[in-house]
Amino acid sequence: MTQILMPALSPTMTEGKLARWLKKEGETIKAGDVIAEIETDKATMEVEAVDEGTLTAILVPEGTEGVSVNTPIAELNGGATAAKAAPAAAPAPAPVAAPAPASVPAQPRAAVAEKDWGPTKSITVREALRDAMAVEMRASKDVFLIGEEVGQYQGAYKISQGLLDEFGPKRVIDMPITEHGFTGMAVGAAMTGLRPIVEFMTFNFSMQAIDQIINSAAKTLYMSGGQLGCPIVFRGANGAASRVAAQHSQCYASWYAHCPGLKVVAPWSAADAKGLLRAAIRDPNPVIFLENEILYGQSFEMPVADDFILPIGKAKVEREGTDVTIVAFSIMVGLAMQAADALAAQGISAEVINLRSLRPLDTETIVRSVKKTNRLVTLEEGWPFAGIGSEVAMQIMENCFDDLDAPPVRVHGLDIPMPYAANLEKLALPRIEQVIDAAKRVTYK
Amino acid sequence: MAETATRKPRGKGAPKGAEPGISKPELTRAYRDMLLIRRFEEKAGQLYGMGLIGGFCHLYIGQEAVVVGMQLCLKPGDQVITSYRDHGHMLATGMEARGVMAELTGRIGGYSKGKGGSMHMFSREKGFYGGHGIVGAQVSLGAGLAFANWYREDGAVAVTYFGEGASNQGQVYESLNLAALFKLPCIFVIENNKYGMGTSVDRASASKDLSKNGSPWGIPGEQVNGMDVIAVREAGERAVAHCRAGNGPYLLEMKTYRYRGHSMSDPAKYRTREEVQKMREQNDCIETARRLLIEQFGVTEAELKVIDDEVKAIVQDSADFAQTSPEPDESELWTDVLIDDASVVAGGR
Ligand SMILES: Cc1ncc(C[n+]2csc(CCOP(=O)(O)OP(=O)(O)O)c2C)c(N)n1
Ligand SMILES: [Mg+2]
């Protein structure tokens with residue numbers, strides 16, 4: 001007897017819905033037959049049988065949600081040719097953990113009030129991004145989306161779901177794998193006043209096109225004495241995903257933030273994603289919009305107001321505190337919030353700043369906070385050398401050195417290419433203990 | 001039929017009169033290697049489903065004839081480089097199944113000590129230069145391998161594999177020009193499996209015959225039935241002969257097909273199940289080889305069973321090894337970032 005287990009169908013999947021059984025108990029199954037359909041957060045996937053035999057029992061009825069990976073879902077009575085059941089899990093720990101929290105930390109207790117946008121609803125970052133593009137595309141015919149798999153495939157990470165249906169193939173444009181070429185083409189179109197949104201499947205592939213982004217998009221306004229602007233958005237997943245190794249896991253925040261002529265934005269919540277993407281699309285400048293794959297499926301409360309938008313260049317105090325300022329962006333804001341909870345339990349009150357925008361950097365908000373707490377911890381996934389944390393720390397030196405009661409501490413990804421092995425990957429990325437330790441170090445606790 | 005029996009060349013552009021064909025031992029080896037790749041990939045898919053393999057995992061199922069047929073044409077010292085869809089290439093170059101599978105599970109026994117994963121493995125000993133995740137990047141690197149052969153005048157040939165999707169990247173065309181300009185011994189093999197992720201070749205390439213993609217630079221090209229290991233081998237021999245003779249690069253467009261999704265998380269809604277099923281049933285490279293062995297070379301079912309059992313045992317052993325080999329030690333985080341070599345300033349070597 002062979003057990004059929006709930007399969008993992010994507011790098012980030014931990015559970016899924018067993019949507020449909022295509023085989024009944026008692027039916028004979030050949031290797032390769034589709035036996036069931038499973039819904040993950042990204043897509044509905046067909047499950048093929050690996051072994052041959054008779055389906056003796058269905059253990060998880062169709063329609064069941066939240067079935068964990070590796071749960072037995074059916075039993076197969078193997079014929080003579082059936083493969084041996086796969087060996088039991090290894091003695092070493094099975095690699096499952098995503099590098100960051102899957103749940104959204106508790107809402108801040110006393111966040112500094114932003115403009116009150118009224119009622120909110122819970123929405124995923126993925127939907128927020130899609131909605132932002134849809135709204136701006138409805139508002140202006142000059143806005144279009146261009147990239148690999150954005151149309152018929154509905155987005156490699158399903159961000160552009162439904163956009164092709166609504167806007168058609170002239171405005172949601174599938175590209176061959178030619179990043180350098182289509183980026184240059186989009187930059188050229190932007191120079192005429194069109195407003196392209198260029199999706200990089202992930203920012204790792206923007207390296208193929210970085211010449212056009214920096215030498216063409218970022219500098220032409222200057223070189224033309226202000227004649228030729230470039231209203232364009234480059235967006236896609238940035239930073240570490242899960243177990244995709246060195247060439248597919250790195251943070252480009254400091255690379256792009258280094259360059260004058262660009263704006264660089266890194267949203268954390270769904271509200272950040274929608275509000276900032278709308279602003280980026282309307283911005284007359286080239287904007288690098290750094291998303292995060294692990295955040296795509298996370299839900300947050302977001303204002304429902306039609307005109308909801310957030311300014312580029314303003315940080316948000318996500319949680320107020322008095323003892324230490326933790327500055328983070330993108331997925332690391334979640335980690336900072338968790339650390340702040342843990343620190344509160346130990347009597348340390350941490351203020352968490354979500355940078356939102358890296359260039360321009362909202363130095364004013366950071367300085368105001370450090371003047372209050374007198375201590376700074378920076379937190380980022382990327383490498384330390386010339387990183388965002390280094391820049392934030394230097395801004396503090398220049399602006400309020402005398403207010404510091406301790407040298408700032410940077411928490412960051414290790415200074416190495418991302419390893420694949422599950423245990424090493426976990427160690428290569430910032431962990432909550434490190435944030436807590438850093439906060440204690442600067443508060444001498 | 002006798003062991004030395006040859007078959008008519010079937011690749012387009014085959015020179016008249018030449019009959020490279022294939023011998024019984026060669027076809028037997030090809031069958032065994034293709035089967036090993038197939039079974040290995042099926043096992044990898046299973047381990048992925050169990051959560052033992054993470055991240056991206058691109059299976060080569062369906063395309064086995066391409067790399068196995070080409071490998072029959074190569075000699076020790078020749079080099080191979082490819083994309084992230086690399087497990088088959090590694091097994092074909094003779095890399096150990098254990099080391100490949102243990103890399104997939106991220107264990108110290110893997111070819112990259114668990115630090116590279118599915119997309120990044122290498123073996124200098126076997127002439128395998130990876131295992132690359134950035135679409136198209138390996139094509140320039142492959143030209144570089146050929147450049148080294150040209151520079152050293154060592155007679156070796158570099159085989160550079162890439163997908164039809166990758167064939168649209170700018171650096172591919174830069175590399176074709178460079179290879180032709182310097183007459184580099186480089187075989188460019190386009191594995192045209194009809195799709196780059198969810199985009200079919202006709203939605204991505206204005207060029208309808210990819211074998212002509214090198215023609216502006218005078219690079220000879222052929223379209224080859226990549227589901228037929230004998231056709232692949234015949235075309236491969238022509239390409240290798242051309243390169244070894246110092247005539248510069250050669251381009252082969254292998255018409256092939258992947259049966260599985262692009263990676264493990266691809267719902268594959270861009271093609272019908274019938275399309276996949278039809279390919280499997282009518283053109284499967286392993287079935288075709290099996291039939292030929294029986295019908296033309298008189299191989300018995302019992303003899304084939306011995307091969308099947310051997311392959312199964314290798315794959316099971318690799319899976320066991322990949323689960324018992326420990327995770328890399330924490331100290332491995334910091335190794336291999338740079339080579340620490342004090343002798344550099346100590347004077348010549
Ligand atoms: C520069 C770059 N762009 C995009 C990707 C994402 N990606 C990975 S594989 C792939 C499709 C490649 O198709 P093809 O070259 O035909 O190879 P196949 O997967 O069919 O073997 C894409 C778009 C990438 N890895 N690198
Ligand atoms: Mg392809």
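So, here's what we can say about the structure.

So, how was this worked out
Residues numbered from 1 in each chain as written. Chains lettered and ligands numbered in written order. Predicted model: local features only at pLDDT ≥ 70, side-chain atom pairs only at ≥ 80, totals over all residues. Heavy atoms only, no water. Phe/Tyr/Trp six-rings, centres within 6.5 Å; stacked < 30°, edge-to-face > 60°. Helix = DSSP H or I, 4+ residues; strand = E, 2+ residues; numbered from the N terminus. Buried < 20%, exposed > 50% of the residue type's maximum accessible area, 1.4 Å probe, protein only. Lys NZ or Arg CZ within 6 Å of the ring centre and 35° of its normal. Expected span 1.5 Å × (residues − 1). Polar contact = N/O pair within 3.5 Å; in protein donor to acceptor, adjacent residues only side chain to side chain. 1 Å grid on protein atoms, 1.4 Å probe; cavity = no way out; pocket = protein on both sides within 12 Å on 5 of 7 lines; lining within 4 Å. Points joined across faces, edges and corners; volume = space filled by probe spheres on them. Nonpolar A, V, L, I, M, F, W, Y, C, P; charged D, E, K, R; others polar. Domains from an automatic or database assignment. Pairing = 2+ DSSP bridges. Axes fitted to C-alpha atoms, helices over the stretch in contact; angles between N-to-C directions. Contact = heavy atoms within 4.5 Å. Buried area = accessible area lost by both parts, 1.4 Å probe. Salt bridge = Lys/Arg side-chain N within 4 Å of Asp/Glu carboxyl O.

## Considering the packing of aromatic side chains
Here is step 1 of the chain: Enumeration over the complete set of coordinates arrives at 15 aromatic pairs over all chains.
Here is step 2 of the chain: Taking the centre distance of 6.2 Å and the plane angle of 40° together, the rings of Tyr157(A) and Tyr296(A) count as tilted. Of this pair, Tyr157(A) sits in the loop between strand E10 (143-147) and helix H2 (163-167) while Tyr296(A) sits in the loop between strand E15 (287-291) and strand E16 (299-303); the two residues are 139 residues apart in sequence, bridging distant segments of the chain.
Here is step 3 of the chain: Residue Tyr157(A) is classed as buried on the basis of its relative accessible area of 9%.
Here is step 4 of the chain: Centroid distance Tyr173(B) to Trp217(B): 6.3 Å. Interplanar angle 40°. Geometry classified as tilted. Here Tyr173(B) is found in helix H6 (residues 170-181), whereas its partner Trp217(B) is found in the loop between helix H7 (201-204) and strand E7 (221-225), with 44 residues between them in sequence.
Here is step 5 of the chain: Look at Trp217(B) and you get partly exposed, because its relative accessible area is 28%.
Here is step 6 of the chain: An aromatic cluster is defined as three or more aromatic residues linked by ring pairs; in this entry it consists of Phe200(A), Phe203(A), Phe234(A) and Tyr256(A).
Here is step 7 of the chain: Here the basic side chain of Lys115(A) rests over the ring of Trp117(A), its NZ or CZ set 4.0 Å away from the ring centre.
Here is step 8 of the chain: The ring of Tyr420(A) has Arg243(A) sitting right over it, with the charged end atom 4.2 Å from the ring centre.

## Digging into helix H7 (residues 270-282) of chain A
Residue and element names in this part refer to chain A.
Here is step 1 of the chain: When the terminal C-alpha atoms of H7 are compared, their 18 Å separation across 13 residues agrees well with the 18 Å that a helix rising 1.5 Å per residue should span.
Here is step 2 of the chain: Counting buried residues in H7 gives 12 out of 13 residues, a clear majority hidden from the surface.
Here is step 3 of the chain: Here H7 has its buried residues at Ala270, Ala271, Asp272, Ala273, Lys274, Gly275, Leu276, Leu277, Arg278, Ala279, Ala280 and Ile281.
Here is step 4 of the chain: Residue Ser269 occupies the N-cap position of H7, its side-chain oxygen lying 3.4 Å from the main-chain nitrogen of Ala271.

## Re empty space enclosed by the protein
Any empty space left between the atoms is revealed when a probe the size of a water molecule rolls over them.
Residue and element names in this part refer to chain A.
Here is step 1 of the chain: Enumeration over the complete set of coordinates arrives at seven cavities of 30 Å³ or more.
Here is step 2 of the chain: Considered as a void within the structure, the second largest cavity measures approximately 130 Å³ in volume.
Here is step 3 of the chain: Partitioning the lining of the second largest cavity into residue classes produces 10 nonpolar, five polar and one charged.
Here is step 4 of the chain: The residues that make up the lining of the second largest cavity include at least three from each of domain 2 (120-303) and domain 3 (316-442).

## Structural notes on unusual backbone geometry
Here is step 1 of the chain: For the bond from Arg359(A) to Pro360(A), the omega torsion is -5°, close enough to zero to count as cis.
Here is step 2 of the chain: With omega at 25°, the peptide bond leading from Gly130(B) into Gly131(B) counts as cis.
Here is step 3 of the chain: Mapping Gly131(B) onto the fold places it in strand E2 (residues 128-131).
Here is step 4 of the chain: Even without a glycine there, the phi angle at Lys158(A) is positive, about 60°.
Here is step 5 of the chain: When you line up the elements, Lys158(A) lands in the loop between E10 and H2.
Here is step 6 of the chain: For Lys158(A), a relative accessible area of 10% translates into the label buried.
Here is step 7 of the chain: Phi at Glu153(B) takes a positive value of approximately 55°, unusual for a residue other than glycine.
Here is step 8 of the chain: Locating Glu153(B) in the fold gives a position in the loop between helix H5 (137-152) and strand E3 (158-163).
Here is step 9 of the chain: For Glu153(B), a relative accessible area of 71% translates into the label exposed.

## Observations concerning the sheet that holds strand E17 (residues 316-319) of chain A
Residue and element names in this part refer to chain A.
Here is step 1 of the chain: With respect to topology, five strands assemble into an open sheet ordered E17-E19-E18-E21-E22, the strand pairing being mixed. Each edge of the sheet is formed by a strand with only one pairing partner; in this case those strands are E17 and strand E22 (409-411). Here the strands of the sheet are splayed against their neighbours by 25° on average, with no regard to which way each runs.
Here is step 2 of the chain: Where strand E21 (residues 376-379) and E22 come together, three bridges link them in parallel fashion. Along E22, the bridge assignment pairs Val377 with Val409.
Here is step 3 of the chain: The strands touched by helix H12 (residues 432-442) are strand E18 (324-328), E21 and E22; relative to E22, the strand with the most contacts, the crossing angle is about 180°.

## Regarding the interface of chain A and chain B
Here is step 1 of the chain: Chain A puts 61 residues into the contact, and the matching count from chain B is 56 residues.
Here is step 2 of the chain: Of the roughly 4,900 Å² buried between chain A and chain B on both sides combined, carbon and sulfur atoms contribute 58%.
Here is step 3 of the chain: Of all residues in chain A, the largest losses of buried area upon contact with chain B belong to Tyr153(A), Ile177(A) and Tyr420(A), amounting jointly to 13% of the total for that side.
Here is step 4 of the chain: Applying the counting rule to chain A against chain B returns one salt bridge.
Here is step 5 of the chain: Residues Asp174(A) and Arg203(B) are paired through a salt bridge, measuring 3.0 Å at the closest nitrogen-oxygen approach.
Here is step 6 of the chain: In this assembly, chain A and chain B are joined by 16 residue pairs in polar contact (both at pLDDT 80 or more).

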